[in-house]
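# Observations on chain architecture
One letter stands for each residue in the lines below.
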Amino acid sequence: MRRVEIDSGSGFCGGVIRAIGRAEKFLEGGGPLYSLGAIVHNEAELERLGAKGLFTVEKGDIEKLPEGATLFIRAHGEPPDTYKTASSLGLKVIDCTCPVVLKLQKSIREAYSRLHSGGGEGNLIIFGKIGHAEVLGLLGQVDGDAVVIENLQMLEDALASGLINPEVPMEIFSQTTKSPSEYEEICRRLSSIARCGLEVHETICSQVANRHKNLSDFAGSHDVIIFVSGRSSSNGKVLFDLCRSVNPRSYHIVQPSEIDPSWLNPEDSVGVCGATSTPKWLLESVAESIQRL
């Protein structure tokens with residue numbers, strides 16, 4: 001029988017565990033519960049929670065919710081206007097914004113005040129995925145007055161267009177689930193051209209940062225890596241790319257049925273891992289499916 005190991009560091013992060021626990025507790029008392037955006041970017045877990053009475057809604061749906069409905073704010077957080085809208089409609093709110101994200105939102109507001117105190121100029125920069133729920137929540141803290149960059153090329157474009165001005169003070173933050181190595185690269189580039197000071201804030205979640213190093217070691221210790229995450233998981237894409245950079249025989253799947261037997265040789269050591277949005281039960285199901293091949 002081939003050796004199959006599940007990465008002990010993979011699975012839900014603390015913020016997701018907290019959010020799903022709160023949702024399940026509410027649903028035990030009888031739903032429905034309306035989650036603003038997917039509570040977790042994993043199709044199998046959403047299906048499991050949906051059977052218990054959790055519905056995923058978008059911002060445009062809020063005004064259509066039944067009177068007195070309960071709106072669930074997931075770990076990614078929301079901008080202030082979401083809370084105002086919910087209050088004006090008489091909706092109940094369960095706020096499960098991750099404490100790490102809440103701290104980041106507060107830091108963003110404080111940085112903005114520093115940069116613009118006394119009518120001064122400054123650049124507030126966010127390293128994150130454009131349109132990601134967490135990033136939208138961060139932008140909402142400063143009425144959208146920040147520059148979001150996804151990679152080094154976007155930074156260069158922002159510098160060339162004048163969107164980012166190295167002649168004024170700058171402060172940079174990262175979305176909590178981004179790649180630490182990419183963030184370091186972005187910060188090094190900004191530091192090399194900053195003329196009036198650059199303040200770098202270490203805002204990547206420590207659980208995520210530690211997972212990068214551990215997952216790199218895990219990927220290098222197996223012949224084949226089966227990475228499990230939802231298609232829309234931003235963290236999943238980052239971590240899968242990391243695995244593939246270490247081990248070319250890395251494959252991304254959403255569910256066990258997607259495993260291709262041709263990926264595996266009988267003597268292979270197989271590692272099963274996933275994103276911060278991948279439930280342990282799904283990793284175990286994938287491992288069992290591999291053993292049966």
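It should be noted that the structure appears before, not after, this text.
Scope of this entry: the structure provided in the associated data block. (Residues numbered from 1 in each chain as written. Predicted model: local features only at pLDDT ≥ 70, side-chain atom pairs only at ≥ 80, totals over all residues. Heavy atoms only, no water.)

This part covers the pattern of salt bridges. Enumeration according to the criterion identifies 14 salt bridges in this entry. Two residues, Glu156 and Arg189, come together in a salt bridge whose shortest N-O distance is 2.7 Å. Of this pair, Glu156 sits in helix 6 (residues 152-161) while Arg189 sits in helix 7 (residues 180-193), placing them 33 residues apart in sequence. Residue class for Arg189 comes out partly exposed when judged on its relative accessible area of 29%. Close ionic contact of Asp268 with Arg249 constitutes a salt bridge, the shortest N to O distance being 2.7 Å. Pair noted here: Asp268 is in the loop between strand 11 (250-253) and strand 12 (269-274) and Arg249 is in the loop between helix 9 (234-246) and strand 11, with a separation of 19 residues, a long-range link. On the basis of relative accessibility, which here comes to 27%, the residue Arg249 falls in the partly exposed class. Overlapping salt bridges, with partners in common, bring together Glu24, Glu45 and Arg48 in one network. (Salt bridge = Lys/Arg side-chain N within 4 Å of Asp/Glu carboxyl O. Helix = DSSP H or I, 4+ residues; strand = E, 2+ residues; numbered from the N terminus. Buried < 20%, exposed > 50% of the residue type's maximum accessible area, 1.4 Å probe, protein only.)

Before going further, it helps to examine the pairing of strand 10 (residues 224-228). Burial runs high along strand 10: five of the five residues are buried. Where strand 10 lies against strand 12, five bridges are found, and the strand directions are parallel. Pairing of Val228 across the sheet is with Gly274, part of strand 12. Bridge count between strand 10 and strand 11: four bridges; the pairing is parallel. Each residue of the ladder has a partner; that of Phe227, found in strand 11, is His252. Of the crossover connections in this fold, the one passing from strand 10 over helix 9 to the parallel strand 11 is right-handed. (Pairing = 2+ DSSP bridges. Right-handed = clockwise from strand over helix to strand, strands pointing away.)

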